[in-house]
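Each chain is listed here by its residues.
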Amino acid sequence: MTEMRMRDALREALREELIRDDRVFLLGEDIGAYGGSYSVTKGLLEEFGEARVRDTPIAESGIVGVGVGAAMAGMRPMVELMTINFSFLAFDQIVNNAAKLHYMSNGQITIPIVIRMASGGGSQLGATHSHSLEGLYAHFPGLKVVCPSSPADGKGLLKQAFRDDNPVIFIEHTANYGLKGEVPEQEDFLIEFGKASILREGRDVTLIGYSGSVHQAVRAADLLAEQEEIDAEVIDLRTLRPLDMDTVIESVKKTNRAVVVEDDWRFGGFAGEIASQIMEKAFDWLDAPVARVCSKDVPMPYNRNLEFAALPSEEDVVEAVLAML
Amino acid sequence: MTEMRMRDALREALREELIRDDRVFLLGEDIGAYGGSYSVTKGLLEEFGEARVRDTPIAESGIVGVGVGAAMAGMRPMVELMTINFSFLAFDQIVNNAAKLHYMSNGQITIPIVIRMASGGGSQLGATHSHSLEGLYAHFPGLKVVCPSSPADGKGLLKQAFRDDNPVIFIEHTANYGLKGEVPEQEDFLIEFGKASILREGRDVTLIGYSGSVHQAVRAADLLAEQEEIDAEVIDLRTLRPLDMDTVIESVKKTNRAVVVEDDWRFGGFAGEIASQIMEKAFDWLDAPVARVCSKDVPMPYNRNLEFAALPSEEDVVEAVLAML
Amino acid sequence: MSASATRQRPAAANGVTPEQMETFLHQMMLIRRFEEKAGEMYTKGKIHGFLHLYTGQEACAVGSINVLEERDHIFTHYRDHGHALARGLDPNRVMAELYGKADGVSGGRGGSMHLYDVSKNFHGGYAIVAGHLPLAVGMALATEMRREDAVTMCIFGDGSVAEGEFHESLNLAALWKTPVVFFCENNLYGMGVPLKESLSANIATLAKAYKMPAATINGMDVIEVYREMKKAVAHARKGGGPYFIEAMTYRYRAHSMSDPELYRSKSEIAEYRKRDAIERLKKAMLDSGALDETRYRELEAQVEREVDEAVEFAERSPQPALSTLYDKVYVEAGQ
Amino acid sequence: MSASATRQRPAAANGVTPEQMETFLHQMMLIRRFEEKAGEMYTKGKIHGFLHLYTGQEACAVGSINVLEERDHIFTHYRDHGHALARGLDPNRVMAELYGKADGVSGGRGGSMHLYDVSKNFHGGYAIVAGHLPLAVGMALATEMRREDAVTMCIFGDGSVAEGEFHESLNLAALWKTPVVFFCENNLYGMGVPLKESLSANIATLAKAYKMPAATINGMDVIEVYREMKKAVAHARKGGGPYFIEAMTYRYRAHSMSDPELYRSKSEIAEYRKRDAIERLKKAMLDSGALDETRYRELEAQVEREVDEAVEFAERSPQPALSTLYDKVYVEAGQ
Ligand SMILES: Cc1ncc(C[n+]2csc(CCOP(=O)(O)OP(=O)(O)O)c2C)c(N)n1
Ligand SMILES: Cc1ncc(C[n+]2csc(CCOP(=O)(O)OP(=O)(O)O)c2C)c(N)n1
Ligand SMILES: [Mg+2]
Ligand SMILES: [Mg+2]
């Protein structure tokens with residue numbers, strides 16, 4: 001084990017995969033000379049050269065498409081789109097070409113691509129630059145969607161993404177890049193997709209999050225324990241597709257209450273999926289409706305106070321829990 | 001009242017709005033000389049001329065952006081994107097510029113645009129051309145999302161869309177274009193957004209749909225009545241944003257059971273929103289978890305049998321109802 | 001091959017041997033007949049969905065694809081039957097795909113717009129206009145990185161040129177000098193919109209602005225297409241980067257089966273039919289003695305048989321089992 | 001205006017009056033100082049988010065925007081402070097917007113990248129690269145349909161040229177002959193990527209391929225920018241359709257406040273600083289007698305005051321009330 005920050009853990013994963021498999025190469029906006037807009041790819045250009053760490057023009061559709069084409073050829077490209085906000089320009093390439101070619105070609109074509117992007121608000125970047133739309137991509141069969149919340153998960157899941165033969169949308173929360181944590185050192189530290197992790201055990205209520213919102217959930221659990229003597233279980237989904245509902249349902253059958261915490265807007269968002277599945281699979285165990293703590297239903301304002309008010313907070317989670325007891 | 005098909009009712013709405021308001025103009029792919037790929041705009045070029053009925057290049061992002069710009073200038077453009085599948089190429093323009101400029105500019109800018117597109121599967125168009133993603137757009141605050149199921153609704157809602165000062169995403173199910181129905185004749189026949197309609201009253205279960213899926217719900221209700229003596233209430237949401245949950249909740253409080261029917265994939269789809277809200281607002285009235293009858297979790301296959309198997313059917317709805325009794 | 005000695009002259013004249021010319025003629029006739037039959041079967045309700053026929057444009061597919069080696073790659077758009085047949089995909093399995101049957105090249109899951117045969121490096125069949133252009137660039141980039149000496153051909157229509165991905169793809173291809181040949185079949189219309197109303201640019205001039213060579217050629221002359229494509233492929237293969245061909249052509253049939261063709265006149269179609277590529281080659285071959293009427297009738301009969309067989313095959317092929325609905329959404333095993 | 005009689009000569013020489021030159025100088029100095037101050041306030045933690053400074057590029061905004069009439073329209077990208085100030089937006093309210101305060105031009109909801117003042121036909125401030133280009137075309141289309149005799153100016157960077165929307169917008173503008181001036185500020189980099197690594201084309205040549213006039217000009221010479229912009233606006237105003245200007249310039253500061261600038265050398269920056277637009281104009285005015293040191297120091301003091309006042313105003317301006325969070329997601333009343 002060694003302590004590192006999320007951005008460094010992600011870089012380690014990329015480095016190890018570049019070394020291990022010469023089909024792996026990286027392309028994206030400012031991943032080379034600039035070092036990556038969140039410094040994840042810093043130093044990789046120097047180490048691996050221009051052919052395998054490729055700065056691209058600002059042309060999201062084009063570069064995702066190039067990645068898909070290279071994956072069809074048997075390469076294992078990673079395309080970095082800087083942020084999820086810019087992925088909207090590559091939306092068709094992702095949800096049509098990457099997601100569907102395997103099925104449409106009756107299995108003749110496979111697309112082993114990793115598409116990385118940063119998500120989340122909280123940095124006063126304004127409405128167009130603060131999306132949390134992990135659930136958007138999770139909606140499409142054919143894609144896998146991964147959203148780590150800790151450096152260890154970041155490394156293990158990213159390495160796993162390169163071993164998967166399917167298109168993987170790998171989404172990193174901007175607020176997590178500086179997070180420190182213990183990361184296992186062994187070469188083949190991988191984390192299987194579709195396994196949620198229980199970050200904190202508890203009896204009274206299940207808090208469910210992923211990526212950034214897991215941390216609100218943990219802080220809320222601390223507050224609940226300290227101030228209200230409520231013992232919350234916290235589940236980190238880690239991947240949205242595949243989604244580990246078994247772990248969630250088992251927990252809810254124990255606690256009889258659940259709150260989904262998500263940075264995205266509630267209306268029409270992924271929290272509704274989790275809430276609905278809990279209702280479907282644990283109806284008789286539920287003592288209260290599953291609550292969803294999400295962003296307010298507004299485009300993200302720039303002003304700091306308004307932005308904080310728009311984002312879900314640990315207090316919002318505590319409030320939701322208290323309301324259901 | 002006069003009987004007409006959906007496509008003709010929509011054309012009537014466009015004609016009347018073009019006549020009423022000279023700020024209204026239409027632009028889109030093949031809406032002119034070709035007559036519209038679903039014949040909705042047929043004859044309008046001849047009647048209103050090239051300036052107001054404008055054939056465009058195949059450039060979805062560009063033409064939606066042009067529409068947004070013209071709307072900023074105080075015009076009332078309607079952009080036709082042929083189908084929802086092509087709207088993915090204009091995704092950023094829709095969810096960033098159209099949806100957010102009013103908020104970001106602190107109300108200085110308004111975007112009175114209508115963006116029309118056809119949705120739905122069932123015509124063997126294959127995986128890239130069979131999306132039902134109304135819920136995708138409903139997720140974004142700043143947009144309104146309208147999905148009529150009958151000629152009268154089509155006309156009344158489309159005319160209303162032109163009177164709304166906000167961006168309206170107007171989605172027509174391809175399977176509905178040929179549907180016949182009675183349409184009121186008066187000039188100012190408008191239907192307010194956010195008012196669901198009850199297509200059939202019933203006591204035993206509430207079936208909720210919109211656009212295409214309403215028709216499965218109605219047929220399922222008929223089957224339930226005929227074969228099982230189950231009396232289903234059918235609600236047509238008509239608009240997803242604003243969403244009339246009051247009508248839904250009132251119904252569920254009466255029937256104690258609900259099935260959401262939707263053409264889109266279940267996982268991460270809009271049905272989860274409706275189901276979650278029902279749980280939140282009518283928890284104590286529910287005798288069974290809200291069921292979601294949606295498309296199977298696969299890209300749409302081309303083969304007819306597979307496609308039918310992938311789409312939600314009235315039998316699926318009946319089955320879901322029987323399972324919850 | 002020895003029989004060709006007696007037919008030396010025409011070959012010398014245009015760089016194409018009589019055997020090749022016969023191959024071209026056969027392929028063009030096959031495509032023509034295949035498309036007519038497909039249209040017929042559509043009308044009979046045997047085929048559904050969108051069906052975009054290639055009639056009129058045969059010289060484009062045949063002249064260009066015959067230049068490619070087995071190791072080369074092809075990406076095309078939804079009007080793809082002609083390209084598939086020219087690449088040597090089994091007509092039976094192509095017809096079966098239009099029928100949506102289990103023996104179709106895409107197992108009945110893709111349909112007319114999505115033909116794939118990866119064993120022949122035929123990578124589809126794309127129905128989102130211009131969406132496959134960057135894929136072709138990516139394929140070319142990969143072969144280049146692996147020094148595979150392969151060329152990727154990317155086929156699309158004039159209507160696609162206005163899409164943003166056209167621009168992004170040409171720029172990326174030129175920037176990274178990928179071995180890709182962009183092959184634009186300019187049939188003057190994108191659905192019902194004439195090119196001059198959708199593009200404020202000359203296509204080849206626009207392509208040249210990205211610093212790649214570009215040629216506008218007669219897409220109704222299979223020999224010219226073949227010769228120009230040879231230059232293009234040679235250029236890309238020897239490391240010169242992308243090459244752009246704009247082939248002027250015309251589609252005889254409606255855009256798809258549901259198009260009432262309100263946007264063009266019967267006389268315009270008749271005008272272009274006079275320049276028919278099959279007639280042109282046939283006449284040249286008859287004139288030069290590379291073909292006689294007997295052989296031509298043999299070819300006609302052969303093509304008729306091939307197409308009938310394709311229909312029979314498609315009719316007999318089973319529907320894909322309902323139990324396969326969930327198969328191949330994901331690849332099961334990791335690498 | 002009568003005082004200008006004594007300063008006739010320089011005006012005759014370059015088509016710009018001494019008064020105008022002084023306006024240009026003042027505006028450029030104001031922008032320079034405003035940006036330096038904004039950077040300072042960012043470092044002090046008064047401003048957050050992304051902050052893209054305009055230092056070095058002042059001649060572009062000032063030379064071009066001063067050509068526009070009140071009825072003309074402006075769209076720009078996220079590096080927008082200079083354009084806002086040159087258009088005459090209140091520096092106090094611009095600074096307040098960077099602070100996210102209620103008196104900001106966008107009420108504190110937009111921030112540095114999203115400045116709007118519709119009363120001045122200044123329509124933003126767009127943070128999605130090239131996303132505003134079609135909006136400008138749409139605005140121009142609307143004014144043209146209403147015969148308003150207005151021109152729309154659309155400003156963006158060299159890095160935006162590789163985006164698909166660049167292509168779609170230029171084509172639409174040219175196809176429909178909309179009165180729009182595309183103004184590309186070519187500062188040689190898009191974030192850390194040099195233009196030559198992101199574009200396989202000469203920008204002006206590419207623009208010309210869409211059949212619109214295009215000029216590459218010295219964006220570090222405010223007089224040249226002004227004169228060229230005059231031609232462009234005249235062309236668009238008299239119904240000639242779009243016009244394209246590529247202004248060669250350089251940004252002195254990092255891309256945004258968080259950029260470590262690993263991709264370019266200190267000496268390159270120093271080289272460009274020698275061509276500074278403010279110094280150039282100042283020298284020309286001193287040489288021609290249009291300016292003397294006293295007046296220059298007055299201007300310096302004035303600019304200092306304006307910027308200090310802007311900061312004070314921003315500091316004092318209240319935070320937007322939390323109760324406004326849900327306001328203006330939708331327009332309440334219909335038409
Ligand atoms: C992105 C997108 N927009 C619109 C369509 C609908 N559409 C299908 S084919 C076509 C015309 C394409 O014309 P062209 O590229 O010239 O090819 P052609 O049909 O003439 O062979 C259009 C608009 C589509 N499939 N994809
Ligand atoms: C669609 C999109 N992709 C990427 C980004 C991230 N980004 C912000 S500015 C920028 C560089 C733009 O360069 P250029 O257009 O030359 O403008 P400059 O910053 O040089 O003024 C990039 C890549 C973005 N904002 N939008
Ligand atoms: Mg065409
Ligand atoms: Mg730049």
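Bear in mind that the values here come from a model prediction, so they are computed numbers and not experimental data.

## Topic: the overall build of chain A
Okay, so step 1: When helices and strands are counted, chain A shows 11 helices and 14 strands.
Okay, so step 2: Against the compact-globule benchmark of 20 Å for 325 residues, chain A has a radius of gyration of 19 Å, which places it among compact chains.
Okay, so step 3: Overall, chain A is about 60 × 45 × 40 Å in size when its C-alpha atoms are taken along their principal axes.
Okay, so step 4: Within chain A, buried positions represent 75% of all 325 residues.
Okay, so step 5: With an accessible surface of roughly 8700 Å², chain A has 44% of that area assigned to carbon and sulfur atoms.
Okay, so step 6: The centroid of the 31 positive side-chain charges in chain A is displaced by 3 Å from the centroid of its 51 negative side-chain charges.

## What to know about the sheet that holds strand β7 (residues 214–218) of chain D
Residues and elements named next belong to chain D.
Okay, so step 1: The strand order across the open sheet formed by 6 strands is β2-β1-β3-β4-β8-β7, and the pairing between neighbours is parallel. Because the sheet does not close on itself, it has two edges, and the strands there are β2 (122–126) and β7. Direction aside, the axes of adjacent strands within the sheet are offset by 15° on average.
Okay, so step 2: Across 3 bridges, strand β1 (residues 73–77) lies against strand β3 (residues 152–157) in parallel orientation. What sits directly across from Phe-75, in β3, is Cys-154.
Okay, so step 3: Along the sheet face, helix α7 (residues 164–175) touches β3, β4 (180–186) and β8 (243–248) and points at about 150° away from the line of β4.

## Considering the environment of His-129 of chain A
Okay, so step 1: The topology assignment puts His-129 of chain A in the loop between β5 (114–119) and α5 (134–138).
Okay, so step 2: When the C-alpha atoms of His-129 of chain A and Gly-74 of chain A are compared, they prove to be 33 Å apart, with 55 residues separating the residues in sequence.

## Here we look at the pattern of salt bridges
Residues and elements named next belong to chain B.
Okay, so step 1: The tally for this structure, following the rule as stated, stands at 89 salt bridges over all chains.
Okay, so step 2: Two residues, Glu-17 and Lys-159, come together in a salt bridge whose shortest N-O distance is 3.1 Å. Here the residue Glu-17 occupies a position in helix α1 (residues 6–20), and Lys-159 occupies one in helix α7 (residues 151–163), the gap between them amounting to 142 residues.
Okay, so step 3: When its relative accessible area of 0% is taken as the criterion, Glu-17 is described as buried.
Okay, so step 4: Between Asp-188 and Arg-163 there is a salt bridge whose closest N-O contact spans 2.9 Å. Taken together, the residues Asp-188 in the loop between β8 (180–183) and β9 (197–200) and Arg-163 in helix α7 connect sequence positions 25 residues apart.
Okay, so step 5: Among the residues examined, Asp-188 registers a relative accessible area of 46% and is labelled partly exposed.

## Some points on the packing of aromatic side chains
Okay, so step 1: By the definition in use, this model includes 35 aromatic pairs over all chains.
Okay, so step 2: Taking the centre distance of 5.3 Å and the plane angle of 80° together, the rings of Phe-91 of chain A and Phe-88 of chain B count as edge-to-face. One end of the pair, Phe-91 of chain A, is in helix α4 (residues 91–104); the other, Phe-88 of chain B, is in the loop between α4 (84–87) and α5 (91–104), on a second chain.
Okay, so step 3: For Phe-88 of chain B, a relative accessible area of 1% translates into the label buried.

## Details of the site of ligand 1
Okay, so step 1: Looking at ligand 1, there are 23 residues lining it, with Glu-60 of chain B together with Tyr-78, Arg-79, Ala-127 and Gly-159 of chain C nearest.
Okay, so step 2: The environment around ligand 1 is built from residues contributed by chains B and C.
Okay, so step 3: In this structure, a nitrogen atom belonging to ligand 1 sits 2.8 Å away from a main-chain N or O atom of Ala-127 of chain C.
Okay, so step 4: Between Asn-187 of chain C and ligand 1, the recorded distance is 2.8 Å, taken from a side-chain N or O atom to an oxygen atom.
Okay, so step 5: Relative to its unbound accessible surface of 580 Å², ligand 1 loses 97% to contact with the protein.

## Quick notes on the coordination of the magnesium ion (ligand 4)
Residues and elements named next belong to chain D.
Okay, so step 1: Protein coordination at the magnesium ion (ligand 4) comes from Asp-158 (OD), Asn-187 (OD1) and Tyr-189 (O), with a distance range of 2.0 to 2.1 Å.
Okay, so step 2: Linear spacing of the donor residues for the magnesium ion (ligand 4) on their chain is D-x28-N-x1-Y. One exposure class covers both Asn-187 and Tyr-189, and it is buried.

## Looking at the coordination of the magnesium ion (ligand 3)
Octahedral metal centres with six donors ideally show angles of 90 or 180 degrees, and tetrahedral centres with four donors ideally show 109.5 degrees.
Residue and element names in this part refer to chain C.
Okay, so step 1: In this structure, Asp-158 (OD), Asn-187 (OD1) and Tyr-189 (O) serve as the protein donors to the magnesium ion (ligand 3), at separations of 2.0 to 2.1 Å.
Okay, so step 2: Here the donor residues of the magnesium ion (ligand 3) share one chain and are spaced in sequence as D-x28-N-x1-Y. Of the two residues, Asp-158 is situated in the loop between β3 (152–157) and α7 (164–175) and Asn-187 in the loop between β4 (180–186) and β5 (189–190); the sequence distance between them amounts to 29 residues.
Okay, so step 3: Overall, the relative accessible area of 2% leaves Asp-158 in the buried class.
Okay, so step 4: For Asn-187, a relative accessible area of 7% corresponds to the buried category.

## Re the relation of the copies chain A and chain B
Superposition of the two copies of the chain requires a rotation about an axis together with a shift along that axis.
Okay, so step 1: When chain A is fitted to chain B, the residual RMSD is 0.0 Å, and the transformation amounts to a turn of 180° plus an axial shift of 0.0 Å. Each copy turns onto its partner about a two-fold axis. Residue Gly-272 of chain A, judged by its C-alpha, is the member of chain A lying nearest the rotation axis, at 2.4 Å.
Okay, so step 2: When the interface residues of chain A are mapped onto chain B, 100% of them are again interface residues, pointing to one common binding face.

## Quick word on the sheet that holds strand β1 (residues 73–77) of chain C
All names here are of chain C.
Okay, so step 1: Reading across the sheet, the 6 strands line up as β2-β1-β3-β4-β8-β7 and stay open at both edges, with parallel pairing between neighbours. With partners counted over all chains shown, the strands left at the sheet margins are β2 (122–126) and β7 (214–218), one partner each. The average undirected angle you get between the axes of adjacent strands in this sheet is 15°.
Okay, so step 2: Across the sheet, helix α9 (residues 222–237) lies against β3, β4, β7 and β8 (243–248), angled at about 150° from β4, the strand it touches most.

## Notes on the site of ligand 2
Okay, so step 1: Around ligand 2 lies a shell of 23 residues, among which Glu-60 of chain A together with Tyr-78, Arg-79, Ala-127 and Gly-159 of chain D are the nearest.
Okay, so step 2: Close to ligand 2, residues of chains A and D are found.
Okay, so step 3: Contacts to ligand 2 include Glu-60 of chain A, whose side-chain N or O atom sits 2.6 Å from a nitrogen atom.
Okay, so step 4: Between ligand 2 and Ala-127 of chain D, the relevant distance is 2.8 Å, taken from a nitrogen atom to a main-chain nitrogen or oxygen of the residue.

## Describing the interface of chain A and chain B
Okay, so step 1: Taken residue by residue, the interface counts 46 residues in chain A and 46 residues in chain B.
Okay, so step 2: For the pair chain A and chain B, the summed buried area comes to about 4400 Å², and 68% of that belongs to carbon and sulfur atoms.
Okay, so step 3: Summed over the three residues of chain A that lose the most area to chain B, namely Tyr-103, His-139 and Phe-267 of chain A, the buried surface amounts to 17% of that side.
Okay, so step 4: Counting the contacts that link chain A with chain B gives 6 salt bridges.
Okay, so step 5: Where Arg-292 of chain A meets Glu-280 of chain B, a salt bridge forms, and the shortest distance between an N and an O atom there is 2.8 Å.
Okay, so step 6: Counting across the chain A and chain B interface gives 18 residue pairs in polar contact (both at pLDDT 80 or more).
Okay, so step 7: At the level of elements, α4, α5, β12 (239–241), β13 (258–265) and α9 (271–282) of chain A are the ones that each hand at least two residues to the side of chain A that touches chain B.
Okay, so step 8: Grouping the constituent residues of the side of chain A that touches chain B by class yields 27 nonpolar, 9 polar and 10 charged.

## A few points about the side chain of Arg-257 of chain A
Okay, so step 1: Along the chain, Arg-257 of chain A falls in the loop between α8 (245–255) and β13.
Okay, so step 2: Looking at Arg-257 of chain A, its side chain comes within polar contact range of the main-chain oxygen of Met-324 of chain A, at 3.1 Å.

## Topic: the packing of helix α2 (residues 18–43) of chain C against helix α5 (residues 91–99) of chain C
All names here are of chain C.
Okay, so step 1: It is at 11 Å that the axes of α2 and α5 come closest, and there the two elements cross at 25°. Here α2 is positioned roughly parallel relative to α5, judged by the angle of their axes. Crossing angle aside, the handedness with which α2 passes α5 is right-handed. Counted together, Leu-30, Phe-34, Lys-37, Ala-38 and Met-41 of α2 and Pro-91, Val-94, Met-95, Leu-98 and Tyr-99 of α5 form the full contact between these two elements.
Okay, so step 2: Residue classes in the contact of α2 with α5 are distributed as 9 nonpolar, no polar and 1 charged.

## Considerations on the confidence of the model for chain C
Okay, so step 1: Taken as a whole, chain C shows an average pLDDT of 95; of its residues, 95% reach a score of 70 or greater.
Okay, so step 2: Across the predicted assembly, pTM comes out at 0.97 and ipTM at 0.97.

The rules we used
Residues numbered from 1 in each chain as written. Chains lettered and ligands numbered in written order. Predicted model: local features only at pLDDT ≥ 70, side-chain atom pairs only at ≥ 80, totals over all residues. Heavy atoms only, no water. Helix = DSSP H or I, 4+ residues; strand = E, 2+ residues; numbered from the N terminus. Rg over C-alpha atoms; globule rule 2.2 N^0.38 Å. Buried < 20%, exposed > 50% of the residue type's maximum accessible area, 1.4 Å probe, protein only. Areas by Shrake-Rupley, 256 points an atom, 1.4 Å probe, with all protein chains shown as cover. Lys, Arg positive; Asp, Glu negative; His and termini not counted. Charge placed at Lys NZ, Arg CZ, Asp CG, Glu CD. Pairing = 2+ DSSP bridges. Axes fitted to C-alpha atoms, helices over the stretch in contact; angles between N-to-C directions. Contact = heavy atoms within 4.5 Å. Salt bridge = Lys/Arg side-chain N within 4 Å of Asp/Glu carboxyl O. Phe/Tyr/Trp six-rings, centres within 6.5 Å; stacked < 30°, edge-to-face > 60°. Near = heavy atom within 4 Å. Polar contact = N/O pair within 3.5 Å; in protein donor to acceptor, adjacent residues only side chain to side chain. Donors = N, O, S within 2.8 Å, 3.2 Å for Na, K, Ca; no water. Least-squares fit on C-alpha atoms with pLDDT ≥ 70 in both. Buried area = accessible area lost by both parts, 1.4 Å probe. Nonpolar A, V, L, I, M, F, W, Y, C, P; charged D, E, K, R; others polar. Parallel < 35°, antiparallel > 145°, perpendicular 65-115°, else oblique. Left-handed = near helix turned anticlockwise from the far one by under 90°. pLDDT = per-residue confidence, 0-100.

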